[in-house]
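Survey of secondary and tertiary structure
Here are the chains, one letter per residue:
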Amino acid sequence: MDNFEVYGSWWIPGGAPTTGKLSFSEKGPVLTLYGALLSQEVPGGELSGPAEWGTLPLIHGREEQQRSITLLGAFGMTSQWPEITEQTFDAELAVIGDHLMDADFSGIRSDFDYLADWVGAPPVSKRQKEPRATLIDDKIAECVSTTWGDASLAIRSGVIGSSDEAHVSVRRWCAFSAESGSPQRWSELLESYLRPFHDLLLLSLGRELRMRDVELRPEGSEEWMSAYFRTLAPGSVVESSISSYRAPTLLTAEDSSVPLSELLPRWFDLYQDRQTVIALLHAPLYAPFTYSAHRYASFFQSLEAYHRVKKNEFGSKDVSKQEHGARVKLVVSALDAAGLPQDHVQWAKNVIQGRNDKSLKEQIVDVVSSTGKLGQRILATVPDFPTLVYNARTGVSHGGADKGPSATQRYWCGEVLLWLMRVRLLQDLGITDSDARALRNTRFQDSLKQLSIGT
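The rules we used
- Residues numbered from 1 in each chain as written.
- Predicted model: local features only at pLDDT ≥ 70, side-chain atom pairs only at ≥ 80, totals over all residues.
- Heavy atoms only, no water.
- Helix = DSSP H or I, 4+ residues; strand = E, 2+ residues; numbered from the N terminus.
- Buried < 20%, exposed > 50% of the residue type's maximum accessible area, 1.4 Å probe, protein only.
- Contact = heavy atoms within 4.5 Å.
- Areas by Shrake-Rupley, 256 points an atom, 1.4 Å probe, with all protein chains shown as cover.
- Polar contact = N/O pair within 3.5 Å; in protein donor to acceptor, adjacent residues only side chain to side chain.
- Pairing = 2+ DSSP bridges.
- Phe/Tyr/Trp six-rings, centres within 6.5 Å; stacked < 30°, edge-to-face > 60°.
- Lys NZ or Arg CZ within 6 Å of the ring centre and 35° of its normal.
- Core = buried A, V, L, I, M, F, W, Y, C linked by side-chain atoms within 4.5 Å.
- Salt bridge = Lys/Arg side-chain N within 4 Å of Asp/Glu carboxyl O.
- Expected span 1.5 Å × (residues − 1).
- Bend = angle between axes of the 7 residues up to and from the residue.

A few words now on the overall build of the protein chain. Assigned secondary structure in the protein chain consists of 13 helices and 14 strands. Every one of the 455 residues in the protein chain was classed for burial, and the buried ones make up 46%. Long-range pairs, those at least 24 residues apart, make up 68% of the contacts in the protein chain between residues at least 6 apart in sequence. Accessible surface for the protein chain amounts to roughly 23200 Å². Of this, 49% is attributable to carbon and sulfur atoms.

Tracing the chain through its elements places threonine 146 in strand β10 (residues 141–148). Reaching out from threonine 146, the side chain makes a polar contact with the backbone oxygen of serine 261 at a distance of 2.9 Å. Ignoring anything within four residues of it in the chain, the contact list for threonine 146 reads Ala151, Ser152, Leu153, Ser261, Leu264 and Pro265.

Before going further, it helps to spend a moment on the environment of proline 405. Examined against the element boundaries, proline 405 turns out to sit in the loop between α10 (385–398) and α11 (407–429). Residue classification places proline 405 among the buried positions, given a relative accessible area of 9%. Between the alpha carbons of proline 405 and asparagine 391 there is a distance of 6.9 Å; along the sequence they are 14 residues apart. For proline 405, the contacting residues outside a window of four places in its chain are Leu388, Asn391 and Ala392.

Relative to the elements of secondary structure, histidine 99 occurs in the loop between β6 (87–96) and β7 (104–112). On a C-alpha basis, the gap between histidine 99 and isoleucine 69 in space is 6.0 Å, while along the polypeptide they are 30 residues apart. Setting aside its immediate chain neighbours within four residues, histidine 99 contacts Trp11, His60, Gly61, Arg62, Ser68, Ile69 and Thr70. Of the polar contacts made by the side chain of histidine 99, one reaches the backbone oxygen of glycine 61; its length is 2.8 Å.

Moving on, we get to the environment of proline 288. On the secondary structure map, proline 288 appears in the loop between α3 (260–286) and α4 (292–309). A sequence separation of 81 residues divides proline 288 from arginine 207, and the C-alpha atoms of the two residues are 9.6 Å apart.

The next subject is the pairing of strand β1 (residues 4–11). Bridge count for β1 against strand β2 (residues 18–25) is seven bridges, and the pairing is antiparallel. By the bridge assignment, tyrosine 7 is partnered in β2 with lysine 21. Following β1, the chain reverses through six residues before pairing antiparallel with β2; glycine 14 in that reversal takes a positive phi of roughly 90°. Both β1 and strand β4 (residues 53–63) contribute to a ladder of four bridges, which runs antiparallel. Along β4, the bridge assignment pairs tryptophan 11 with histidine 60.

One pass over the full model with this rule turns up 16 aromatic pairs. Measuring from ring centre to ring centre gives 4.1 Å for phenylalanine 176 and phenylalanine 197, while their planes differ by 5°; the resulting arrangement is stacked. Placement of the pair is phenylalanine 176 in strand β12 (residues 168–185) and phenylalanine 197 in helix α2 (residues 186–205), with a sequence separation of 21 residues. With respect to burial, phenylalanine 176 and phenylalanine 197 carry one shared label: buried. Residue placement shows arginine 207 over the ring face of tyrosine 114; its charged tip is 4.8 Å from the ring centre. It is arginine 422 that lies over the ring of tryptophan 419; its NZ or CZ is 5.0 Å from the centre.

Most peptide bonds are trans, and most residues other than glycine sit at a negative phi. Positive phi, normally seen in glycine, also occurs at glutamine 66, with a value near 70°. As for its placement among the helices and strands, glutamine 66 is situated in the loop between β4 and β5 (68–77). Although it is not a glycine, tyrosine 114 adopts a positive phi angle of roughly 70°. You can see tyrosine 114 is positioned in the loop between β7 and α1 (115–119). For tyrosine 114, a relative accessible area of 4% corresponds to the buried category.

Moving on, we come to the nonpolar core. Trp118, Ile155, Phe176, Tyr193 and Phe197 are the most contacted members of the largest nonpolar core, which has 92 residues in total. Here isoleucine 155 is in contact with Leu115, Trp118, Val119, Ala141, Glu142, Cys143, Val144, Cys174, Ala175, Phe176, Phe197 and Leu260, once residues within four sequence places are set aside. Grouped together as the second largest cluster of nonpolar side chains are 19 residues, Leu22, Phe24, Leu33 and Leu37 included.

The next subject is the pattern of salt bridges. For the structure on display, the rule yields 19 salt bridges. A salt bridge links arginine 217 to glutamate 179; its shortest N-O distance comes to 2.6 Å. Of this pair, arginine 217 sits in strand β13 (residues 211–218) while glutamate 179 sits in strand β12, and the two are 38 residues apart along the sequence. Accessibility expressed as a relative area gives 13% for arginine 217, which makes it buried.

Counted at 1.5 Å a residue, the expected span for α2 with its 20 residues is 28 Å, and the 27 Å between its end C-alpha atoms agrees. Along its length, α2 reaches its greatest deviation from straightness, about 30°, at leucine 194, and the proline proline 196 lies no more than four positions downstream. The element α2 is extensively covered by neighbouring structure, given that 15 of its 20 residues are classed as buried.

As structure tokens, then:
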């Protein structure tokens with residue numbers, strides 16, 4: 001979503017137009033009007049009521065190139081003033097392509113950094129020596145098409161460009177789309193489809209990447225329209241190869257042991273159960289400017305959340321209910337025998353009766369060990385890894401970080417945790433050899449080496 005500014009006329013449905021400028025930047029869509037959108041002539045030039053702020057559901061516009069624009073959820077001054085020279089509205093969404101009368105959409109699609117390489121989209125050009133020429137294939141290629149619930153999911157690629165008598169300029173596009181059988185608000189489509197797919201790419205590639213041009217299809221229409229809304233994205237992304245020996249890639253569609261037509265719906269199902277785990281794990285990749293302490297805390301909290309999700313498999317109790325009851329009774333008997341005041345004994349009993357949860361270190365061991373060969377390598381190379389990451393977590397979450405692992409150790413703990421959790425989630429997805437893939441990756445090998453040197 002590139003920044004832009006357009007000038008034109010703007011009005012609420014059924015109202016009189018006024019001139020203004022629509023700009024889009026990291027602040028989102030902002031409409032600046034050079035006049036009153038909701039003006040009303042009042043004798044004597046007095047205000048028609050107190051100044052009130054609120055949200056207008058729809059604002060329509062037409063810019064200088066005659067493109068129709070609809071703004072949804074525009075926040076600004078909604079009271080009627082007789083003489084206003086400038087007015088500003090912050091919109092949730094700008095849709096270019098038509099004047100919409102409601103906010104329901106049936107489809108959403110977007111391209112992403114690295115998507116064409118990840119899905120293995122076909123090349124769009126081919127060179128031939130005799131006669132010397134470059135052949136362009138302008139057909140739309142369907143890389144995958146599948147369903148999830150009542151939604152159709154697809155990844156397609158093709159070419160887009162421009163030409164004149166002397167030049168032709170084309171580029172490849174590749175986009176993921178979701179078309180729902182039940183129309184929804186644009187934000188619901190974003191959260192239900194684009195966000196999970198974005199997370200699948202992050203999990204597979206292990207690097208920051210942007211959701212780029214987003215399009216929406218209004219309910220009852222076959223046309224896709226450009227959409228602009230406020231979003232947080234990495235400031236710059238280096239389009240390096242995702243298959244080089246230094247790339248942190250763990251999965252592409254081409255090397256997946258699960259066909260992509262099965263992988264996508266399986267991922268959307270898994271996402272419903274692991275959403276908190278994934279959100280914590282990927283937060284630093286969505287916002288790479290965070291400090292190392294925040295980055296580490298997010299990775300560790302992802303591990304904690306994963307253990308809670310899988311508590312039936314791992315077990316959440318330190319010992320059985322019977323064993324815990326017996327040790328509480330033993331401790332209370334010892335306190336009674338020691339002649340301590342009964343109120344002290346009762347206090348101790350109240351505390352220890354409810355403390356049968358697994359320790360945090362045991363939870364770390366559970367998750368690390370569950371990854372198979374990867375966990376074995378981590379514990380063999382850094383035997384005190386559970387203690388190290390626990391101490392780093394305590395320092396970040398509860399203060400005293402200067403007394404635990406150094407900032408450098410904490411950084412490498414975080415990197416190893418990121419690899420660990422990516423592998424664990426991919427294994428849940430059915431990519432059973434993801435531990436072996438990580439062990440072969442030079443980036444993981446280097447992270448583990450740096451951590452072992454520091455300890």
